[in-house]
Each structure stands twice: as structure tokens, then as C-alpha cells.
Amino acid sequence: MITNLLVANRGEIARRVFRTCRELGIATTAVHSDPDAGAPHVREADAAVRLPGAAPADTYLRADLIVGAALAAGADAVHPGYGFLSESAEFARAVLDAGLVWVGPLPAAIAAMGSKTAAKRLMAEAGVPVLGALTEPAEADLPLLVKAAAGGGGRGMRVVRSLADLPGALAAARAEAARAFGSDEVFCERYLPAGRHVEVQLLADAHGTVWAVGDRDCSLQRRHQKVIEEAPAPGLPAGVRAELHAAARAAARAIDYTGAGTAEFLLAEDGRFFFLEMNTRLQVEHPVTEAVTGLDLVALQLAVAEGAALPPEPPASRGHAIEARLYAEDPARDWQPATGTLHRLELTLPYQEFTGTGAGTGAGAGAGAGTGLRLDSGVAAGSEITPHYDAMLAKVIAWAPTRAAAARRLADALARARVHGPATNRELLVRALRHPAFLAAELHTGFLTEHTAELTAPDTKGADRAALAAALADAAGRRGALPSGWRNLPSQPQLKRYRAEDGTESAVRYRLTRAGLLAEDHPGVELVEAAPDRVVLSEDGLRRTYHVTRYGDRVHVDTPAGSAALTALPRFPDPTVRTDPGALLAPMPGTVARVVAAVGDTVTAGQPLLVLEAMKMEHRIAAPTDGTLVELRAAPGRQVETGTLLAVVQPTEA
């Protein structure tokens, strides 16, 4: 029996595993890098071991340090979580060689799926449909997808629509794959832009039982990384679903798989499906499967690792569950990641978490209990969001008897959530969940790209009303209660300026008189009441309450219909603050991955000059104007902060 479990991971998945351990009576040990010293997963563990350093390569990717930490803490088992070393056969061997229990498949099974190219060959031999790797792509094969052979998560992937672009895409994919996975092996396959990403949850024991625990659709992606996932996959014909499950079980049996894993498939428009890869670990999106089955997949992982046998069949699914990944990023700015202090992250009441059962082998009374909402997060109020790790702040999961009800419940929960801190993709998630095409289950991997404009369009009216509420709350904080700012003599209006996350600015001009609020830019808006943290406005008989919270010059305005994050600006801009129109500043903290231009080059606006890597993603930094590159201060490997001068382009004279 496992008595003390070390989780070789951080953040949300570490907390998730610890939760099940507490239910089962298993002691827990955490590991942490220096930036994570005060992280929630460290505080919640019974013991924690420091991994000196900040970069993953020096900490969470050091198998020797993690095995040493387990031995030093008296742990008798290691759970890898997902990401980092979770799919490293060498790490699994090191854990077993140290006399510890490995909560995962045998190293040989991990190794068999470690290379996508080798895995495809193995699956083809087992009779599982695959998209063959293209050794010499031709025009008829376009579009192509260049993929890293040794990893996932969207890294080392490039879509190629012209053979002329293939050499550059291969070089870029190899460079990213080498940094991310230690292998620069890449391959090409056909790209199906209208294909769906469908996967099957697997669970197998050492006694020959292999479960296909339902399926999931993970088609809503950005940069080949999942954003919204759901179970079961909607709209699958019964025959296709049965064939998918059979193929997944065949894949597991072909490599003598044990533990939890996922077989991922690409589903074409004509109903054919093709094996993509097998993730030999727990998936980020596992909560939606837990929600519809009542299972605790982590408890089942631990039981299988202890040698327990599974029942002959998994429980049947009930209802529908959808998960949304809340990222610290700005979708309207090419998914640019955001850093800074997270001041608040909470779902507003009513809220009750659903969980699986502790034993994890039955349907579980918890499935769909209460309001059917669950929040899995690796951060808490006060957490610092850094560029060292993935941009995901949390996962919000909703269960309901039907898919439409689950989508409505999740969209409402996200809209009402209080998320104060860096920019997030929250508004995009809400709009996607309410989009007619999503509700009609018209899903494919290009969904977010196809609908980006409408999903990220600025809400000008909402931002203006939020700015007015922020200005009145600020006035109430300075004056006490409102209305008290009226004067007997006419006066100039008060002026407050705010900038929304999309870059648009609002100038709020208002006067508070005996007759009430006079807002020059908001005719017909009446002030009902105002306090430093709460403003009530009425417009055309419709009353709305705005909850206002300020952190320095950052103002968050929350309403049941949605939220706005504003930056308070000086009343009069500083005339001495000026940015050279040709200056190229770092939009985020990160590391220069590569430079693709040289001083003296003639460049055009939008032409990539260099690539920054931050939060496990690559971001192209482009020329701000047509001209000549006259200065370049970026070099591969250089760490930069937001606002660092990277290059200067001398504009072409008109």
C-alpha cells in the first residue's frame, strides 16, 4: 500500500492529486522551484522539497533531484502529473530503480509511445487507423502539418499551406522541438483543417482489463493547444463511437498498457478517424470524464499502481460536462501571455463542487451534485504569474443533464467569476460557449481561428459603462458617499480616463449636481447609488449593479453580465513620454528563441524579426513599420522584460 506520495509536478495537477490523497489517507510530498516556494500546492502538501532554481530544466525536469527528494522525504511512490517528466521512460525507470512505486504505465509502454513516428508504425501494425507520415510531401498533400516527434502541447507544430514555406517551417519546428523536448525530430502529415480532435480515456490494470472510459471532444484549440473540452464527444454516430473505443483498447493492448492514458484521434468530416498519439499519463481534461462517470481517476491510478483489479466494465456516463481553460493571455493580441499578480480568482455563489468517489470505482453520488460546477486551479489570491510556466490559471468545469444546459451553466459561471489580475481569455470563453455554431456542435480544430474576430471584438458600450462606474466609485472613495459632489455654482466636469484591455480608451466627463448625475458622454444614465466598491446605474429603466475593485491603477469592474479590466490613466498625458515609432519593445517577459533578421536588412511592417518564448509558447515579434533595421539588441538565449528595447527600424521616408 502507498503511504506517502510525492507528486513530481506543480500547480493545479499537484493540488488535484493531493485532494484524492487526503480522501484516501495518503501522506503527500511536494517539490517546488524557487518561484513556487509559496505556491498553493506547496502549502497544501504535508512536506515539500526545494528544487533550487527557476527554469524547468533546472528543477521540474531534473529526474535525479526529484527521485532524491522522494527518498529524502520518505515517500514510497511518485505520481508524475502531466507535462514535465510525466512521459519520460527514463524517469519512470529511475523511480522504479530507487525502489519506489511508479504511478503510471511501465517504462516500456511509455517508450513505445514516446516517438509519434514510431507510435504510428506500431499502431498501424495493431490495426489502428493512422495518418501516415509524409517523407516527400507534394503539392497534392497540402495543407501539411509539421509536428515534433517527441512531444505535444502544440510545441514544434507548424501548418504549411505552400511547399515554398516548408523549409522554413521545418527549421522553426526543429528548433522549438529541440528546446522543448531535447529532440529535433519532426515529421509531416496531412492537415485536416475541418477535422475534429476526439480522444478516448483509457484505464487498464495488470490483470488484463482495459477500460475505454468514454470519449471527449477537444477540438476548440488555439495554437494547437486545447481551450475547451467536453464529454461525451457530441454528435458521434453510435457505430463511430464503438469503433473509436475499440481502436483505443487495441492501442492499449498493443503495448501492454497499465494505468490511466488517452488515445487521441483526428476525426474527418466523412466519419473516418486516424490515430494521432497516445498520452501515457493523466490528461488536463480528465475532470469532464470524472463528471459524467462519477469516477475519481487519480484514485484509480493509485489503486492500479498498488495492484488492484478493475471491475469488468466502467460505469456508464450520465449527462454532459464541459471544461474551459482560463489562461493568462490576451486573445485579441495574438494570444499574448500576461504576467503579474493574481489578486482574486473565485466563482461567485451559488457554487458547489462535484467530485468523484474516494474509491473511484462506482458511479458516485457526487456526479452532477449541487450546481454542477468545479474549479481546478494551481493559483490563489496573491499568486505571481511568471513567464516560467504554462499560462493556464485554472479549469472551470460544468456538469448538467444535457449539453446545452452544461454550456449555459459554464458560460454563466465564467461571466460571473471574479478574476482580478493579468489579462485572461475569460471573455472569449464565454462568447465561444454561447456561440450558435458551438451550441450546434459544429466543432473542428479551426473553430477559434475561424471565429476569432467575433469572439474578441471589443465591447465598447460595456467598457464605457464600466469606466463610468469606476470613475464614480473613485469619486465616492475620495468624497465619502455620493451624490455629494454638487456645487451651487456651475463647474467644469470631472474628467477620468481609462484604458481597456483591448487598448481602447474612455474619457469619462461627469458632474454631480442637485439634479443628480450629468454624464456628458452617457446621456440618459442615472446614478442610483455609489460607494467606493459598488455603483448602481439606471438607463432607460434598466438598473445594473457594478462591483468595483482597485489595485493601484488597475480597476476591475464586475457585473452578473460580465466584467471589465481597466487601467486608470493620468488626467493629462505626460508630454515627455514618447516612443520612437520605429522602436520595437518586448511586449512580455521572456527569452529570445531566435533572430531571423540582421542589422541593415530592409523590412516591411509585419515582417517577423525575432521570436520570443514565454509561458511554453513562441511569439513572433514583427517590424512595426516599413524601413531599415538599424539596431538589434536581441540575441538567442537573452532574457528580456516587458518594455525592453529589442530593435529599431528606421522608417522609410515617404
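Our subject in this report is the structure included herewith. (Residues numbered from 1 in each chain as written. Predicted model: local features only at pLDDT ≥ 70, side-chain atom pairs only at ≥ 80, totals over all residues. Heavy atoms only, no water.)

1. Overview of the pattern of salt bridges
In step 1: Counting across every chain of the model gives 44 salt bridges.
In step 2: The salt bridge involving Glu 189 is made with Lys 120; its shortest N-O contact spans 2.9 Å. Here Lys 120 lies in helix H6 (residues 116-125) and Glu 189 lies in strand E8 (residues 186-190), a separation of 69 residues in the sequence.
In step 3: The class of Glu 189 is buried, set by a relative accessible area of 1%.
In step 4: According to the relative accessible area criterion, Lys 120 is buried, its value standing at 5%.
In step 5: Between Arg 155 and Glu 613 there is a salt bridge, with the nearest N and O atoms lying 3.0 Å from each other. Here Glu 613 lies in strand E34 (residues 608-614) and Arg 155 lies in the loop between strand E6 (144-148) and strand E7 (158-160), a separation of 458 residues in the sequence.
In step 6: Several salt bridges converge on common partners, so that one network encompasses Glu 199, Arg 216, Lys 226, Glu 229, Glu 264, Glu 285 and Arg 325. (Salt bridge = Lys/Arg side-chain N within 4 Å of Asp/Glu carboxyl O. Helix = DSSP H or I, 4+ residues; strand = E, 2+ residues; numbered from the N terminus. Buried < 20%, exposed > 50% of the residue type's maximum accessible area, 1.4 Å probe, protein only.)

2. Quick word on the sheet that holds strand E23 (residues 494-500)
In step 1: Across the sheet, eight strands lie side by side as E25-E24-E23-E30-E29-E28-E27-E26; this open sheet has antiparallel pairing. Each edge of the open sheet is held by one strand with a lone partner, namely strand E25 (516-519) and strand E26 (525-531). Averaged over all adjacent pairs, the angle separating strand axes in this sheet is 30°, with direction ignored. (Pairing = 2+ DSSP bridges. Axes fitted to C-alpha atoms, helices over the stretch in contact; angles between N-to-C directions.)

3. Details of the nonpolar core
In step 1: With 71 residues, the main nonpolar core has Leu 5, Ile 228 and Phe 438 as its most contacted residues.
In step 2: Aside from chain neighbours lying at most four places away, what touches Phe 438 is Leu 220, Ile 228, Glu 230, Ile 322, Arg 403, Ala 407, Ala 432, Leu 433, Leu 443 and Phe 447.
In step 3: Leu 527, Ala 530, Leu 537 and Val 555 belong to the second largest nonpolar core, which has 30 residues in total. (Core = buried A, V, L, I, M, F, W, Y, C linked by side-chain atoms within 4.5 Å. Contact = heavy atoms within 4.5 Å.)

4. Examining the packing of aromatic side chains
In step 1: For the structure shown, the criterion picks out five aromatic pairs.
In step 2: Between the aromatic rings of Phe 91 and Trp 102, the centroid separation amounts to 5.5 Å while the plane-to-plane angle is 90°, which identifies the pairing as edge-to-face. Here Phe 91, found in helix H4 (residues 89-97), pairs with Trp 102, found in strand E5 (residues 101-102); they are eleven residues apart in sequence, far enough to count as distant.
In step 3: When its relative accessible area of 5% is taken as the criterion, Trp 102 is described as buried. (Phe/Tyr/Trp six-rings, centres within 6.5 Å; stacked < 30°, edge-to-face > 60°.)

5. A word on the side chain of Glu 290
In step 1: Mapped onto the elements, Glu 290 comes out in helix H9 (residues 286-293).
In step 2: Relative accessible area serves as the criterion here: at 3%, Glu 290 is assigned to the buried category.
In step 3: When sequence neighbours within four positions are dropped, the list of residues in contact with Glu 290 reads Arg 16, Leu 295, Asp 296, Leu 297, Val 298 and Arg 374.

6. Some details on H6
In step 1: When H6 is considered as a whole, its buried residues turn out to be Lys 116, Thr 117, Ala 119, Lys 120 and Met 123. Across the axial projection of H6, the buried residues extend over an arc of 160°, all falling on one side. Residues of H6 that are exposed and point more than 90 degrees away from the buried face comprise Arg 121 and Glu 125.
In step 2: The secondary structure elements touched by the buried residues of H6 are helix H5 (107-112), E6, E8, helix H8 (238-254) and strand E13 (273-279).
In step 3: Directly after H6, the chain includes Gly 127, whose backbone phi takes a positive value near 85°. (Arc of directions from axis to C-beta.)

As far as function goes, none of this settles anything; it's purely spatial.
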